[in-house]
Amino acid sequence: MTNFKLIVGVSSVALGLAVASAAFADDQASTSPPPTSTAPPASPPASPPPAPTPPPYPSMGPTLSNNANSATFDAGPLGKLTVNGDISGLGFVQNNPGEDLDLNQNKVAGVDLDNGLVTIQKTDGFAQFVVQAGVYSFPALGTAYTTSTRTTTDLFGAVPVGYLKIVPNGEWSIEVGQLPTLIGAEAPFTYENMNIERGLLWNQEPLISRGAQVNWSKGPWAVSVSWNDGYYTGEWTSVSGNITYTFKNNDTLVFAAGGNASDNFKTCINNYPYCLNKPLINYYFGYGAPTAGSGPIGWAVPLGGQSQGDIFNLIWNHTAGKWALTAYGQYDNVPSTTWFGPGGESWGIAGLAKYSINSEWSIAGRAEYEGSSGGANLLYGPGSTAWSITITPTYQKGIYFARIEGSYVGISSGTLGDEFGEHANQNEQVRGMLEAGVMF
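As a convention, each chain's residues are numbered from 1 in the sequence order in which they are written. Given that this is a predicted model, residues contribute local features only at a pLDDT of at least 70 and side-chain atom pairs are listed and counted only at 80 or more, while totals for whole chains, interfaces and linings are drawn from all residues. For side-chain calculations, the full set of non-hydrogen atoms in the structure is used, while hydrogens and water are omitted.

Concerning the pairing of strand β6 (residues 172–180)
When DSSP finds two or more bridges between a pair of strands, those strands are recorded as paired. Secondary structure counts use DSSP, requiring at least four H or I residues in a row for a helix and at least two E residues in a row for a strand, with both numbered from the N terminus. Pairing geometry for strand β5 (residues 161–166) and β6, over five bridges, is antiparallel. By the bridge assignment, Y163 is partnered in β6 with G177. The turn linking β5 back onto β6 is made up of five residues. Pairing analysis gives nine bridges linking β6 to strand β7 (residues 208–218), with the strands arranged antiparallel. Note on β7: the bridge partner recorded for S173 is N215.

Structure representation (structure tokens):
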């Protein structure tokens, strides 16, 4: 272990002391004299207007909040539209860097504009919509960092999310377009999550899919079902969904699942050059850890494998006072195919927690363990296992936010050539990150 391990300690030191104060005012009773005239009594003071609420998209985790005073304007026949977004930059330092999506060796340190996103949305009426546009990156544990310009080009383009939403009544809605996944406990973009980097389990999940989604909610139940192209294959052959039950104490229990309803490989066989473009990169990114030992040949496994497999989550969310807790398990499998080699499976557990020190400061943490089996390379070589820990102190005041993060990934068992570092033979990675920006 090198001195980079000190990065993990930086997060704890950064917390410091939180100062809290409270002021209370006593009600004072007063005695009114009997009325001496026939004038009508004074009208009671008008009720204050309701506090503004943040826009519903994007959905946010418990540490950062959308701007409740986001800009709104009247768009004529479209009605009232809301404009909000995030502009943020990050810096990182790490040991044992691997290769990014372009197979370029990562540097030990770097800076980038990780989010420059604007969202326009209509949130009322029968016909609603969301359009999110800009640049973005997806920093994730155990994977080399790829800049926002390359991530935007190689993955989902300048409009990563955009969909029409039909709302016939208070229970039902239908969405059609480019949709965030229903799988997993962590969202795609950095500012939606407790931590800057997404975790090892997130690396196995789809991010954004093209398709149609039906939502229903009544009482404590909420159900969403989607027919989509899974790992952004361009083939609408995948089905995903989740079921959420909300308990009286506002805890939620979520079961999510997704899988391919077809064994048709034509996207990656008949249209092979197409697979070498965006879908290929997306499979590679979402199929486990892209390390120095992975390359174009290895990409054939997720192309025919993970897109044909199944994935399942069981997620529990709990809030109590200053605490927000999430615990979830995940299982996914890759079928064995003639074209794309051996199959395999992976499973993992993760715990995420946030503690609010005061209205401006909080600290979040995440711990994970993930294992795999079979001949497919789902992690750091066939049959590999790994674990991680992440600590993220966060500050937000109004529209401004900043957070520092320390993370560690350890490979318990792996394959030389599929691990960390220039020669893909190192079994650990320590990374420190700083992200700051504006939620407008």
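Notes on the nonpolar core
In this structure, F138, F156, V161 and F189 are the most contacted members of the largest nonpolar core, which totals 20 residues. Elements supplying a minimum of two residues to this core: β4 (127–136) and β5. The criterion used for residue contact is that any of the two residues' heavy atoms lie within 4.5 Å. When near neighbours in sequence (up to four residues on either side) are disregarded, F189 contacts Y57, N115, L117, Q132, Y136, F138, P160, V161, R198 and I208. What makes a nonpolar core is a set of buried Ala, Val, Leu, Ile, Met, Phe, Trp, Tyr and Cys residues whose side-chain atoms join them at distances within 4.5 Å. In this scheme, a residue with accessible area under 20% of its type's maximum is buried, one over 50% is exposed, and one in between is partly exposed, where area comes from a 1.4 Å probe on protein chains only.

Details of the pairing of β7
The pairing of β7 with strand β8 (residues 221–228) spans eight bridges and is classified as antiparallel. In the sheet register, V214 faces β8, and the bridge partner there is V225. The antiparallel hairpin formed by β7 and β8 contains two residues in its connecting segment, where G219 sits at a positive phi of about 60°.

Description of the packing of aromatic side chains
Working definition: rings of Phe, Tyr and Trp (its six-membered ring) pair if their centres are within 6.5 Å, and the pair is stacked with planes under 30 degrees apart, edge-to-face with planes over 60 apart, and tilted otherwise. Counted according to the given criterion, the structure contains 16 aromatic pairs. Where Y136 meets F189, the ring centres are 5.7 Å apart and the plane angle is 80°; that geometry is what we call edge-to-face. Of this pair, Y136 sits in strand β4 while F189 sits in the loop between β6 and β7; the two residues are 53 residues apart in sequence, bridging distant segments of the chain. Relative accessible area serves as the criterion here: at 1%, F189 is assigned to the buried category. Consider the rings of F138 and F156, whose centres lie 6.2 Å apart with planes at 70°: the pair is edge-to-face. With F138 in the loop between β4 and α2 (148–154) and F156 in the loop between α2 and β5, this pair connects stretches of sequence that are 18 residues apart. F156 gets classed as buried once you look at its relative accessible area, which sits at 4%. An aromatic cluster is defined as three or more aromatic residues linked by ring pairs; in this entry it consists of Y136, F138, F156, F189, Y191, W202 and Y232. Lysine NZ or arginine CZ positioned within 6 Å of the ring centre and within 35 degrees of the ring normal marks a charge as sitting over the ring. Between R198 and the ring centre of W202, over which it is positioned, the NZ or CZ distance is 5.1 Å. The lysine or arginine in question, R210, covers the ring of Y232, its NZ or CZ lying 3.7 Å from the ring centre.

Let's talk about the pattern of salt bridges
Any Lys or Arg side-chain nitrogen found within 4 Å of a carboxyl oxygen on Asp or Glu counts as a salt bridge. In this structure the tally under the stated criterion is eight salt bridges. Linking K122 and D124 is a salt bridge whose minimum nitrogen-to-oxygen distance equals 3.3 Å. Where R366 meets E186, a salt bridge forms, and the shortest distance between an N and an O atom there is 2.8 Å. Here the residue R366 occupies a position in strand β14 (residues 361–374), and E186 occupies one in the loop between β6 and β7, the gap between them amounting to 180 residues. Owing to a relative accessible area of 6%, E186 belongs among the buried residues under this scheme.

Re the confidence of the model for the chain
Note on scores: pLDDT gives the predictor's confidence for each residue, bounded by 0 and 100. Looking at the chain as a whole, its pLDDT mean stands at 83, while 79% of the residues score no less than 70. Here residues 1–37 is modelled with pLDDT under 50, and outside its nearest four sequence neighbours on either side it reaches 39 contacts, counting other chains as well. Ignoring residues within four places in sequence, the model shows residues 266–304, a span with pLDDT below 50, making 105 contacts including any to other chains.

Remarks on a nonpolar patch on the surface
On the surface, a nonpolar cluster with roughly 720 Å² of combined accessible area is contributed by W221, I243, F247, L253, F255, F312, L314 and W316. At the level of secondary structure, the elements contributing two or more residues to the nonpolar patch comprise β10 (252–260) and β11 (310–320). Broken down by element, the residue count for the nonpolar patch peaks at three residues, all from β11. With respect to the helices, strands and loops of the structure, I243 is situated in strand β9 (residues 238–246). A patch consists of residues whose relative accessible area exceeds 30% and which take part in no salt bridge; residues with like charges are grouped when within 9 Å of each other, and nonpolar side chains (Val, Leu, Ile, Met, Phe, Trp, Tyr) when within 5 Å. For the accessible areas, the method is Shrake-Rupley and the probe is 1.4 Å, while residue cover comes only from the protein chains on display.

Here's the deal with the environment of Q94
Following the sequence through the fold, Q94 ends up in strand β2 (residues 80–94). What makes Q94 buried here is its relative accessible area of 1%. As a C-alpha pair, Q94 and N106 span twelve residues in sequence and 9.4 Å in three-dimensional space. Polar side-chain contacts of Q94 include one of 2.8 Å to the side chain of R431. Pairs of N or O atoms within 3.5 Å make up the polar contacts considered here, provided that, within protein, one atom can donate a hydrogen while the other can accept it, and that residues adjacent in sequence are counted only when both atoms are side-chain atoms.

A short note on unusual backbone geometry
Of note, the amide linkage connecting Y57 to P58 takes the cis form, showing an omega dihedral of 0°. Looking at where P58 falls in the secondary structure, it is placed in the loop between α1 (6–13) and β1 (71–74). With a phi close to 65°, Y232 is a non-glycine residue in the positive phi region. Within the fold, Y232 resides in the loop between β8 and β9. You can call Y232 buried: its relative accessible area is 6%. We note that A424 has phi near 55°; this positive angle belongs to a residue other than glycine.

Details of the environment of S137
Looking at where S137 falls in the secondary structure, it is placed in the loop between β4 and α2. Along the primary structure S137 and T149 are separated by twelve residues, whereas in three dimensions their C-alpha atoms are 7.9 Å apart. Excluding anything up to four places from it in sequence, S137 contacts D112, D114, Y145, T146, T147, S148, T151, T190 and R198. Side chain to side chain, S137 and Y145 meet in a polar contact 2.7 Å long.

Points about the environment of V135
Examined against the element boundaries, V135 turns out to sit in strand β4. A residue is classified by how much of its surface remains accessible, and V135, at 25% relative accessible area, is partly exposed. Residues V135 and L113 lie 22 residues apart in sequence; the distance between their C-alpha atoms is 8.3 Å. If we skip the residues at most four places from it in the chain, V135 touches L113, D114, N115, G116, L117, S148 and T152.

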